[in-house]
Amino acid sequence: MALFHQEGRIDMYTNESSTIIGNPVLDKERIKTKRRSKVKKTLTALSFLAPALLLYIIFMLYPMLDAVRYSLFDWNGSSTTMNFVGLENYLQLAKDDIFHKALGHNLLWVVLSLVLMVLPTLILAVLISKVKYGKTFFRAGFYLPSVLSLAVVGVLWSKIYDPAMGPINKLLSSIGLGFLAKNWLGEPAFVIPALVIASTWAFYGLYMILFLAGLQNIDYQVYEAADLDGAGPIRKFWHITVPSLRNTMNLVISMVIIHALKGFALIWLMTQGGPFYMSEVVSTYVYKAAFSMNQVSYASAGSVVLGIIVITFTIAFNYYRERSEA
Amino acid sequence: MTTLTKKKGIAQISIWIALSLLLIIIISPIFYAVLASFKTNIEIFTSPFSLPKNWSFDNLINAWQIGNFQKYFLNSAVITVGGMVIVALVACPAGYAFAQLTFKGNNLLFYLILLGMALPAQAIIIPIFYQLRSMGLVDTLTGVILVSAGLALPFSIFLMRNTFRDVPKELRESATVDGAGEWRTFWSVMLPLAKPGLVALLIFTFMNIWNDFLLPLVLLMSKDKFTISLGLYSFQGEMATNYALIFGGTVISMIPSIIVYLIFQRSFVEGMSSGANK
């Protein structure tokens, strides 16, 4: 059965149902009907796939190629002519200080997200998995922020960071630490960490669920053996839990990185990349260039760079994962 | 032995207390917003952490009316339901074909779809905008529905393929032997068996489209087409320092997702872990 899709006569001999072998006339007949059935099979499969392929081509594949095409031209989005400029837009990007800054911020965003998200979320998941009563309650409660839309998270956290009425500054001054109060989203040193904290709040839930699922698969007996050896909880965590979760850990780390590279909504909602490009990332920079400054082709080049970074990372990571898990 | 159980009991209680405290801290921004939505602007400034003096629904009602949230709700609902219907109708057969049917180029096509999963929406949003403009679909709900469905497709197909892969092939074969065509087999034998996967797919799609910000931001211009997310964003801009009203709008915007979450909590968690573990 499995060989049906292969060419030629081979499946004639391997297919269990073929009983007559070697009769040339019958052979020909069989090949003919088989071909016909193969065509029919492909047509059936196509009828299942056609709508998906159509949507995919119109809204993903074609735009993908279009993005590359735009990036090789000079176009403002409204003029009827497009001038071919080759790699000019990319050379421009390579010299653009703000683009460099944006890439750097993406990188900082990745690092901070990894620090804030991976280990703390793992520890949280371990604690939840240890609790006997109320496991479901804690899991559901800790997941709650993740169901809110980014618009809600963005508006809510910009109010939390508000220098005048925000609860953070109010809390600091009410416990006598008023000198620590800041314009959290307005100061270069604090704006990105502040944004990453809000983003962590909005996204850690998924990773918690993944860790919890991974923890369920660890063999309980390993812990019992470690108990007999007198290992404490911290040693057990580093020597059993973390190594056993290697696959989940890989998945989470890659998701955090990809997510950090793609981040747009929260930044746009809370700072729009400001103040003075201090929280500009590639996606906000590209958005501004395309939709408020009409530099469509230049922005396309930037988005192609972003796309290439994300796709390369994803493919490389999956390659690594398949090799290490095999 | 008794000391050991005692020790375990103490450990349990301390974990329980630690988790509860942490949960309170994590949830506090939501509580803060809900409380603030009942307060006046002066109260928000002067007593940010206390309960509101009067539990007045004025902010919620005013935000609802001034902010035109009714319209935003309707638009979000139309876009989300439209997107879910298209995604389900398109991704189920496709996932089924990849998992159960043998045809030439199966793997190649599937890798092409996977490539779409890696592609960030930001990388193609510019061409999508100009493409929709040439189709006359910019600033229409139809345009957002189609693009949302298109972008959701790679992951949805992936999910449904994994779901159908777990259905034993023999079932399909015996149905075809009984004379049912592939489509009939799909509808009446296979799809009912894939129900858990379909539920997960619908929940994922609901959350993604309902909560999306980038596509509506780029594709919609006129206010009467805005979704809740976009509406809240513009409402916040217009209200500037009227925090009480902004919190009212924020709370209105978070209610639907929280309700859906509470109803489907279990399927949520299961869908998440199964969807990502594959």
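Quick caveat, the model's predicted, so the values are computed rather than measured.

What follows deals with empty space enclosed by the protein. A water-sized probe rolled over the atoms picks out the places where empty space is left. A complete count under the given rule lists 3 cavities of 30 Å³ or more for this structure. By volume, the largest cavity is sized at about 70 Å³. Forming the walls of the largest cavity are F264, S283, V286, Y287, F291, S303 and L306 of chain A together with Q122, I125, I126 and L214 of chain B. Listing elements by their share of the lining of the largest cavity, those giving two or more residues are α13 (282-291) and α14 (296-325) of chain A together with α6 (121-134) of chain B. Top contributing element to the lining of the largest cavity by residue count: α13 of chain A, with 4 residues. In terms of residue class, the lining of the largest cavity is built from 8 nonpolar, 3 polar and no charged.

A few words on the interface of chain B and chain A. Contacts between chain B and chain A engage 85 residues on the former and 91 residues on the latter. In total, chain B and chain A occlude about 8,100 Å² of area from one another, counting both sides; carbon and sulfur atoms represent 77% of this. Seen at the junction of chain B and chain A, the total is 0 salt bridges. Inspection of the region where chain B meets chain A yields 17 residue pairs in polar contact (both at pLDDT 80 or more). It is helix α1 (residues 2-36) of chain B that provides the largest number of residues to the side of chain B that touches chain A, a total of 13 residues.

Below, the discussion takes up the nonpolar core. Judged by nonpolar contacts, the single largest core of 193 residues is most densely connected at F142 and M208 of chain A together with I126, F164, F213 and F247 of chain B. Residue contributions to this core peak at 16 residues, all from helix α8 (residues 188-216) of chain A. Residue contributions to this core reach at least three from each of two domains, namely domain 1 (10-59) and domain 2 (89-325) of chain A. Not counting residues up to four positions away in its chain, the partners in contact with F142 of chain A are L124, I128, Y204 and M208 of chain A together with L19, L22, L23 and I26 of chain B.

Conventions and cut-offs
Within each chain, residue numbers correspond to sequence positions counted from 1 in written order. Chains carry letters and ligands carry numbers; both start at the beginning, A for chains and 1 for ligands, and go up in the order they are written. Totals for whole chains, interfaces and linings use every residue, but because this is a predicted model, local features are given only for residues with pLDDT of at least 70 and side-chain atom pairs only at 80 or more, for both listing and counting. For side-chain calculations, the full set of non-hydrogen atoms in the structure is used, while hydrogens and water are omitted. Computed over the protein atoms alone on a 1 Å grid, cavities are sets of points where a 1.4 Å probe fits but cannot get out and pockets are open sets with protein on both sides within 12 Å along at least five of seven lines; a residue lines them when it has an atom within 4 Å of a point. Grid points are joined across faces, edges and corners, and a volume is the space filled by probe spheres set on the points. Only DSSP runs of H or I covering at least 4 residues are called helices, and only runs of E covering at least 2 are called strands; the numbering of each starts at the N terminus. Basically, the charged four are Asp, Glu, Lys and Arg, the nonpolar ten are Ala, Val, Leu, Ile, Met, Phe, Trp, Tyr, Cys and Pro, and anything else, Gly included, counts as polar. Only heavy atoms matter for contacts: two residues are in contact if any of them lie within 4.5 Å across the pair. Accessible area that two parts lose when put together, with a 1.4 Å probe and added across both, is what the buried area reports. Definition used for salt bridges: Asp or Glu carboxyl oxygen within 4 Å of a side-chain nitrogen of Lys or Arg. Within 3.5 Å is the distance limit for a polar contact, defined as a pair of N or O atoms, with the added protein rule that one can donate a hydrogen and the other accept it, and that residues adjacent in sequence qualify only through two side-chain atoms. We call a set of buried Ala, Val, Leu, Ile, Met, Phe, Trp, Tyr and Cys residues a nonpolar core when their side-chain atoms join them within 4.5 Å. Burial here depends on accessible area, computed with a 1.4 Å probe over protein chains only, as a share of the maximum for the residue type. Under 20% is buried, over 50% is exposed, and the range in between is partly exposed. Note that domain bounds follow an automatic or database assignment of domains.

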